[in-house]
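Observations on the three-dimensional arrangement
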Amino acid sequence: MEIGIDSFAAAPRGHQNSAIAIQELLERIELADKVGLDAFGIGEHYRKEFLDSAQAVILAAAAARTHSIKLSSAVTVLSTSDPVRVFQNFATIDLISNGRAEIVAGRGSFVDSFPLFGYNLNDYDAIFAEKLDLLLKIRADEVISWSGRYRPPLREQAIYPRPVQKKLPIWLGVGGTASSFARAGKLGLPLMLAAIGGRIEQFRDFVEVYRSTGRAAGFDPEELKVGLHSFGYVAESKEKAIDIFYPRYAEVIASMNKERGWIPPTRAQFEELVQDRKSALVVGSPKEVAEKIIQHGKTLGGVFRFNFQMDVGMSHEELKKGIELIGKEVLPLLRK
């Protein structure tokens with residue numbers, strides 16, 4: 001099992017400096033590389049709370065400062081991006097990193113980019129399907145001809161640069177709809193499941209839809225990789241992890257209340273979720289976290305990569321400490 005970190009590049013609070021926040025994020029990516037984590041992902045958002053609207057720029061900066069860690073989008077909002085430019089950006093990151101770039105293509109958890117770039121929300125699914133098709137064709141062939149409804153056609157057009165990796169990894173980011181899981185299986189793409197609430201077992205049938213659809217489409221089971229992205233944090237003890245993580249987590253959930261109707265759990269409810277071996281929250285001591293990740297893998301019939309979403313506005317030092325514990329204590333327990 002691979003272990004990674006996902007960050008949405010949380011903006012600094014109050015009068016803190018955004019430039020410093022970006023430098024600290026790059027330091028954390030360097031640290032994740034140093035302690036042996038497998039992957040680091042950067043999200044894509046278009047709101048004041050985050051600094052990741054130009055995720056490829058952050059990943060390129062990280063590529064120049066790291067050596068082994070895979071560098072990925074936590075999600076690339078493909079619906080409102082040009083697939084040609086997405087491929088070019090990540091192919092360039094792949095060149096800078098000497099073959100460590102990955103894309104998680106998805107529709108995102110917010111829709112801010114639709115009005116920003118002039119897209120119609122009524123085309124939400126159709127535009128994503130079309131652009132994913134184009135992105136995969138660009139990956140497969142250096143020169144392509146293609147036409148669609150939402151982008152001008154391409155006629156015998158060469159797309160450069162080409163990446164170091166012969167087949168640039170493209171994951172499909174999914175939430176909770178069976179059709180998204182089936183699409184990933186039909187295309188034979190690795191699947192990154194954003195399980196940001198509830199219990200992991202609620203996704204088990206969807207993951208089976210993914211695998212069964214992929215097998216029916218002729219893909220080897222080894223190609224049908226499942227990744228899991230969940231809120232999580234590691235400290236020396238469960239109590240300390242909750243003390244550090246809960247206040248910021250509750251603020252994030254509360255800020256989404258108007259848009260999604262989410263209500264943050266009380267401290268007591270949060271502690272129950274942490275204790276529940278099947279809840280999506282992965283918070284605790286290294287041993288407790290390792291055991292829960294293993295349990296999640298069993299529930300879903302195998303997980304290839306687990307990504308912690310821990311950057312919810314905690315301090316740089318708290319985040320660094322969590323990364324160190326994941327690399328130095330959680331990883332060895334999982335590998336053992």
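Here the structure is shown first, and the text comes after it.
Residues numbered from 1 in each chain as written. Predicted model: local features only at pLDDT ≥ 70, side-chain atom pairs only at ≥ 80, totals over all residues. Heavy atoms only, no water.

Comments concerning the pairing of strand 2 (residues 39-42)
In strand 2, alternate side chains face the same way, and those of A39 and G41 on one face and F40 and I42 on the other are all buried. Summarising the sheet, strand 1 (residues 2-7) and strand 2 pair through four bridges and their orientation is parallel. Paired with G4 across the two strands is A39, which belongs to strand 2. In the sheet, strand 2 pairs with strand 3 (residues 70-73) via four bridges, with the strands oriented parallel. Residue G41 lies in a different strand from strand 3, and its bridge partner there is S72. On the question of chirality, the crossover connecting strand 2 to the parallel strand 3 by way of helix 2 (residues 55-63) is right-handed. (Buried < 20%, exposed > 50% of the residue type's maximum accessible area, 1.4 Å probe, protein only. Helix = DSSP H or I, 4+ residues; strand = E, 2+ residues; numbered from the N terminus. Pairing = 2+ DSSP bridges. Right-handed = clockwise from strand over helix to strand, strands pointing away.)

Some details on the packing of helix 11 (residues 286-299) against helix 12 (residues 316-335)
At their nearest, the axes of helix 11 and helix 12 sit 9 Å apart, and the two run at 50° to each other. Between helix 11 and helix 12, the interaxial angle falls into the category oblique. In this structure, helix 11 crosses over helix 12, and the sense of that crossing is right-handed. Counting all contacts with helix 11, which are made through P286, K287, V289, A290, I293 and I294, the residues of helix 12 involved are L325, E329, V330, L333 and L334. (Axes fitted to C-alpha atoms, helices over the stretch in contact; angles between N-to-C directions. Parallel < 35°, antiparallel > 145°, perpendicular 65-115°, else oblique. Left-handed = near helix turned anticlockwise from the far one by under 90°. Contact = heavy atoms within 4.5 Å.)

Concerning the pattern of salt bridges
Scanning all chains against the criterion turns up 23 salt bridges. One salt bridge in this structure joins D82 and R151, with 3.1 Å as the shortest N-O distance. With D82 in the loop between strand 4 (76-77) and helix 3 (83-97) and R151 in the loop between strand 6 (143-146) and strand 7 (154-158), the pair connects residues that are 69 residues apart, well separated along the chain. Look at D82 and you get partly exposed, because its relative accessible area is 31%. Taking the shortest distance from any N to any O, the salt bridge between R305 and E102 comes out at 2.9 Å. With R305 in strand 12 (residues 305-309) and E102 in strand 5 (residues 101-106), the pair connects residues that are 203 residues apart, well separated along the chain. (Salt bridge = Lys/Arg side-chain N within 4 Å of Asp/Glu carboxyl O.)

Some details on the pairing of strand 10 (residues 226-234)
A regular strand places its side chains on the two faces of the sheet in alternate fashion. The buried fraction of strand 10 is high, at nine of nine residues. Here strand 9 (residues 191-194) runs beside strand 10; their pairing, made up of four bridges, is parallel. Its bridge partner being in strand 10, L191 is matched across the sheet by V226. In the sheet, strand 10 pairs with strand 12 via five bridges, with the strands oriented parallel.

Focus: the side chain of D123
By secondary structure assignment, the location of D123 is in the loop between helix 4 (113-117) and helix 5 (124-140). Buried charge without a partner: D123 forms no salt bridge, and the closest opposite charge is R149, 4.4 Å away. If we skip the residues at most four places from it in the chain, D123 touches R149 and Y150. (Lys, Arg positive; Asp, Glu negative; His and termini not counted.)

Let's talk about unusual backbone geometry
Cis geometry marks the peptide bond from Y160 to P161; its omega dihedral reads 0°. With respect to the element layout, P161 can be found in the loop between strand 7 and strand 8 (170-174). Located in the positive-phi region is A9, a residue other than glycine, with phi close to 50°. Following the sequence through the fold, A9 ends up in the loop between strand 1 and helix 1 (18-34). With a phi angle near 45°, E156 is a residue other than glycine that sits in the positive phi range. As for its placement among the helices and strands, E156 is situated in strand 7.

So, the packing of helix 2 against helix 3
Helix 3 packs onto helix 2 with a crossing angle of 10° between their chain directions and a minimal axis gap of 9 Å. With respect to helix 3, the element helix 2 is oriented roughly parallel. Along its contact with helix 2, which presents Q55, A56, L59, A60 and A63, the element helix 3 presents N89, F90, I93, I96 and S97. Class assignment of the residues belonging to the contact of helix 2 with helix 3 gives a composition of seven nonpolar, three polar and no charged. (Nonpolar A, V, L, I, M, F, W, Y, C, P; charged D, E, K, R; others polar.)

As for empty space enclosed by the protein
Empty pockets left among the atoms are what a rolling probe the size of a water molecule brings to light. The final tally for this structure, using the stated rule, is three cavities of 30 Å³ or more. Here the largest cavity is characterised by a volume of approximately 60 Å³. In terms of lining residues, the largest cavity is bounded by E44, H45, Y46, V77, G108, S109, F110, D112 and S113. Looking at the lining of the largest cavity residue by residue, the class counts come to three nonpolar, four polar and two charged. In this model, the second largest cavity occupies a volume close to 40 Å³. Lining the second largest cavity are I5, D6, S7, R28, F40, M310, D311, L319 and I323. Contributions of two or more residues to the lining of the second largest cavity are made by strand 1 and helix 12. It is strand 1 that provides the largest number of residues to the lining of the second largest cavity, a total of three residues. The class makeup of the residues in the lining of the second largest cavity is five nonpolar, one polar and three charged. (1 Å grid on protein atoms, 1.4 Å probe; cavity = no way out; pocket = protein on both sides within 12 Å on 5 of 7 lines; lining within 4 Å. Points joined across faces, edges and corners; volume = space filled by probe spheres on them.)

Just geometry here; none of it tells us what the structure is for.
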